[in-house]
Amino acid sequence: MRNLVVQKFGGTSVADTDKIKNVADVILKEKANGNDVVVVVSAMGHTTDHLVKLAHEINPNPSARELDMLMSTGECVSMSLLTMALQAKGHKAISFNAAQIGIITENVHTKARIIDIKTDKLNESLSEGNIIVIAGFQGVTEEGEITTLGRGGSDTSAVAIASALDAKRCDIYTDVEGVYTTDPRVVPNASRLDEISYDEMLELAHAGANVLHPRSVETAKQYSMPLRVRSTFKNENMGTLILGVEDMEINKPVAGVAADLSQVRVVVCDIPDTPGEAATLFSALAKENISVDMIIQSYARKVSKTNDIAFTINKEDFDKAKEVLEVVQKQLNAGEVSYNDNIAKISIIGAGMIDRPGIASTMFKTLADNGINIRMISTSEIKISCLINKEDAQRAVKALHEVFNLGSDEIAEVKGTLPDV
Ligand code: ASP
Ligand code: MG
């Protein structure tokens, strides 16, 4: 481990030139603490959304390669502007894109995984006294093709770079003051967590808490890289530290409640009850890089000898999944395939629920007491998720936050508007 901190700044932190100048000050503060600093930036404000919108105005079905060529430009703008801001303040700074460094990814467009990061150029540049600013979200294949890591992926760039450089910490600067027990826009007295384990954070991220890109937490866990989520605007506050569960003291069974409104439920009816059918179905989806979340298979019907299989996918993959399932339906000789996006996945997460009975039943009873119907259930060691109707999502989150005693005495500062419910 060396005296090096990696800082990542999200889109809202670099949304305009004044904010970029402010970020330069935050970087210089860390530098003044005696640390070398490597910075990873997102695109300015809503740039990536805007670029995607432009693409769809031109072509309703843009090729993934060209989307990556387009989307990767957003981070190049912010990295060079931020470097200019540091230089304007009299500091040695230099920016690099992923291809210049060698942030090598697999050969997949729009959601590539990093497989290697070359550190020679970074080390050389650090030894020359530079603050380095790197474009997040992008990578390059062995063949030199530009890729991106999936929406929100610059968190993952930052953690991967921190691990490759053996940094002592990776700080994710954002517009919220840390990780909360739930979305403060839904529950105003949500509490900020001082600490949370990698596993809990991973489950929270997958469950729809849009604070961190899930893969960034996986990478941090893999390399035991301490990760801090903190505010760019109130940076005297240390935010939330994400670390190994062995380094934590756990006193509550549930650490947080999350709602994921971006899933679609798919039901494939009347699949013949013979070995290999589920494998065929899910391999076809996997081949197209479509991840599946909750899965339920019904008991086989005695007469028809068929099953129904229901599962959820991400909205982003909806169109592709439809294409795949049309083929699979014929292949399996299955019945109707139906889709429902009027759903929400509500999850409670906590390392403290291991070996503590009664948590699931409390969740189900709380939903029942509020007249909320459960359509699917899935569990892991530290998470219980229920699929419910979208219009019940906010009520469910409020009730669960209350029953598991997660509120604080303070009202969190509320940022932004709620996603459409
Ligand atoms: N700019 C990219 C996005 O909006 C990556 C990121 O911000 O992490 O998804
Ligand atoms: Mg983000």
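Worth saying up front: this structure is predicted, and the values here are computed from it rather than measured.

S.K.: Any chance you could break down the sheet that holds strand β16 (residues 306-314) for me, citing the residues and the numbers?
M.R.: In spatial order, the strands read β15-β16-β14-β17; together these four strands make up an open sheet with antiparallel pairing. The open sheet terminates on both sides in strands that have one partner only, identified here as β15 (292-297) and β17 (337-340). Looking at each pair of strands side by side, their axes are set apart by 20 degrees on average, direction ignored. The pairing of strand β14 (residues 263-272) with β17 spans four bridges and is classified as antiparallel. Paired with R265 across the two strands is N340, which belongs to β17. Together, β14, β15 and β16 form the strand contacts of helix α9 (residues 277-287), whose direction differs from that of β16 by roughly 20 degrees. Along the sheet face, helix α10 (residues 318-332) touches β14, β16 and β17 and points at about 160 degrees away from the line of β17.

S.K.: Account for helix α7 (residues 198-206), naming residues and giving values.
M.R.: Within α7, seven of the nine residues are buried, which leaves it mostly tucked inside the rest of the structure. When α7 is considered as a whole, its buried residues turn out to be Y198, E200, M201, L202, E203, L204 and A205. G208 occupies a position one or two residues after α7 and carries a positive phi of about 115 degrees.

S.K.: Give a description of the nonpolar core that names residues and reports values.
M.R.: Core analysis: the biggest nonpolar cluster contains 40 residues, and V38, I134 and C170 have the highest contact counts within it. No other element matches helix α6 (residues 154-164), which puts five residues into this core. Leave out the neighbours within four places in its chain, and V38 touches L4, V5, V6, Q7, L126, I132, I134, I161 and L165. By size, the runner-up hydrophobic cluster in this structure holds 22 residues, among which are A344, M363, A396 and V397.

S.K.: Mind laying out the site of ligand 1, listing which residues take part and the relevant values?
M.R.: Looking at ligand 1, the residues that line it are S42, A43, T48, E75, F137, R151, G152, G153 and S154. Contact between ligand 1 and E75: a nitrogen atom at 2.6 Å from a side-chain N or O atom of the residue. Within the backbone of G152, one N or O atom sits 2.8 Å away from an oxygen atom of ligand 1. Contact with the protein chains removes 86% of the 260 Å² of surface that ligand 1 exposes when unbound. In the shell around ligand 1, the residues fall into two nonpolar, five polar and two charged.

S.K.: I'd love a proper account of the environment of V254, names of residues and values included.
M.R.: Structurally, V254 is set in the loop between β12 (240-243) and β13 (256-260). Judged by relative accessible area, which is 1%, V254 ranks as buried. The sequence separation of V254 and L400 amounts to 146 residues, and the corresponding C-alpha distance is 9.8 Å. In this structure V254 touches I348, I349, G350, M353, I359, F404 and L406, once residues within four positions along its chain are discounted.

S.K.: Lay out the sheet that holds β13 in plain terms, naming residues and giving numbers.
M.R.: With antiparallel pairing, the four strands of this open sheet are ordered in space as β13-β18-β20-β19. Both outer strands of the open sheet, β13 and β19 (376-380), are each paired with one neighbouring strand and no more. On average, each strand axis in the sheet is tilted by 20 degrees relative to the strand beside it, whichever way the strands run. Along the sheet, helix α11 (residues 359-369) makes contact with β18 (343-349), β19 and β20 (383-389), crossing β20 at roughly 15 degrees.

S.K.: Give a detailed account of the pairing of β19, specifying residues and quantitative values.
M.R.: Pairing of β19 with β20, which is carried by five bridges, proceeds in the antiparallel orientation. Across the sheet, residue T379 finds its bridge partner in β20, namely I384. The antiparallel hairpin formed by β19 and β20 contains two residues in its connecting segment.

S.K.: An account of the pattern of salt bridges is needed here, citing residue identities and associated values.
M.R.: According to the stated counting rule, one finds 22 salt bridges in the structure shown. Residue K31 is joined to D36 by a salt bridge in which the shortest nitrogen-to-oxygen separation is 3.7 Å. K31 sits in the partly exposed class, given a relative accessible area of 25%. Residues D199 and K221 are paired through a salt bridge, measuring 2.9 Å at the closest nitrogen-oxygen approach. You can see D199 sitting in helix α7 and its partner K221 sitting in helix α8 (residues 214-222), a full 22 residues away along the chain. Given a relative accessible area of 30%, D199 falls into the partly exposed group. Linked by salt bridges that have partners in common, E30, R169, D171 and R230 make up one network.

Conventions we followed
Residues numbered from 1 in each chain as written. Chains lettered and ligands numbered in written order. Predicted model: local features only at pLDDT ≥ 70, side-chain atom pairs only at ≥ 80, totals over all residues. Heavy atoms only, no water. Pairing = 2+ DSSP bridges. Helix = DSSP H or I, 4+ residues; strand = E, 2+ residues; numbered from the N terminus. Axes fitted to C-alpha atoms, helices over the stretch in contact; angles between N-to-C directions. Contact = heavy atoms within 4.5 Å. Buried < 20%, exposed > 50% of the residue type's maximum accessible area, 1.4 Å probe, protein only. Core = buried A, V, L, I, M, F, W, Y, C linked by side-chain atoms within 4.5 Å. Near = heavy atom within 4 Å. Polar contact = N/O pair within 3.5 Å; in protein donor to acceptor, adjacent residues only side chain to side chain. Areas by Shrake-Rupley, 256 points an atom, 1.4 Å probe, with all protein chains shown as cover. Nonpolar A, V, L, I, M, F, W, Y, C, P; charged D, E, K, R; others polar. Salt bridge = Lys/Arg side-chain N within 4 Å of Asp/Glu carboxyl O.

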